[in-house]
Each structure stands twice: as structure tokens, then as C-alpha cells.
Amino acid sequence: MKLINKIRSRRGETLVEMLVSITLLVLAMSILAAMLSAAYNSDVSARKMDDKLREELSAAEEASSAESTGTVSIYSIKPDGKPDESAPDVQIDVDVYGGAGALRIYKPKSTP
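Residues numbered from 1 in each chain as written. Predicted model: local features only at pLDDT ≥ 70, side-chain atom pairs only at ≥ 80, totals over all residues. Heavy atoms only, no water.

## Details of the overall build of the protein
Within the protein, the secondary structure is distributed over two helices and three strands. Reading the helices (α) and strands (β) of the protein from amino to carboxyl end gives α-α-β-β-β. Residues classed as buried in the protein amount to 10% of the 112 residues present. Restricting to contacts in the protein with at least 6 residues of sequence separation, those with at least 24 account for 33%. For the protein, the computed accessible surface area is about 9,800 Å², with 61% contributed by carbon and sulfur atoms. (Helix = DSSP H or I, 4+ residues; strand = E, 2+ residues; numbered from the N terminus. Buried < 20%, exposed > 50% of the residue type's maximum accessible area, 1.4 Å probe, protein only. Contact = heavy atoms within 4.5 Å. Areas by Shrake-Rupley, 256 points an atom, 1.4 Å probe, with all protein chains shown as cover.)

Listed below in C-alpha cells is the structure:
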């Protein structure tokens with residue numbers, strides 16, 4: 001019965017109700033704008049990191065495919081599947097291509 005009376009009523013919305021609804025709408029829109037801004041900034045950052053990785057990878061691949069030699073290093077590794085920690089390290093001579101703090105490529109030392 002109350003619903004029917006409310007529908008038949010000719011009273012309009014009060015000013016307070018309108019201000020509250022507009023305030024809620026503005027709050028929802030500002031939250032949406034903040035989320036969109038964060039998503040955009042995250043996308044820009046990811047694209048920059050992707051470009052940097054692509055440049056480092058192409059530079060390392062070009063250096064490794066050239067006739068010039070990379071830095072010669074000896075790396076020690078432990079074989080997988082050996083539960084015994086006293087297993088001897090395997091030493092491998094490798095050529096290292098790429099800069100410090102950047103992507104590196106390790107190739108086994110080419111035998112003459």
C-alpha cells in the first residue's frame with residue numbers, strides 16, 4: 001500500500017536528496033578516474049620496460065653473432081638432481097655478451 005501511495009504522490013525529490021545523489025556520483029566518477037589513471041601509468045611503465053628489454057636483447061644478440069669475442073669467464077655450477085651438496089662443481093668456460101646491469105648472453109667457449 002505504501003508503494004502505491006508513493007507512486008501516486010506528486011511530491012518531488014528534496015534538495016538534500018539531490019545533493020547526496022550528486023555527491024555519490026562525483027565520488028564514484030573520481031574513483032573511476034583514479035583507476036584509469038593508475039592503469040594508464042602502469043601501461044606506460046610496462047611499455048618502457050618492454051622497449052628496454054628489446055633493445056638489450058637485440059644488442060646482446062648482435063654482439064654474440066659478430067666475430068668479436070665477448071668477455072671470457074669461468075662459471076661454476078652444481079649439476080641438477082644431485083642431493084649431495086658435496087658434489088663437485090662443474091666449471092664451464094663461456095663468452096659473456098651484454099653489459100653490466102643489462103641482459104646478458106652466455107655462450108660456451110668456442111673451440112678452435
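## Some words on the confidence of the model for the protein
Here the protein averages 78 in pLDDT, while 67% of its residues score no lower than 70. Mean pLDDT in the protein bottoms out at strand β1 (residues 71-77), which sits at 61, and peaks at helix α2 (residues 15-65), which reaches 91. (pLDDT = per-residue confidence, 0-100.)

## Observations concerning a nonpolar patch on the surface
Nonpolar side chains collect at one region of the surface, where V16, V20, L24, L25, L27, M29, I31, L32, M35 and L36 lie side by side and expose about 1,000 Å² of accessible area between them. The residue L24 is located in helix α2 in this model. (Patch = residues over 30% accessible without salt bridge, like charges linked within 9 Å, V, L, I, M, F, W, Y side chains within 5 Å. Salt bridge = Lys/Arg side-chain N within 4 Å of Asp/Glu carboxyl O.)

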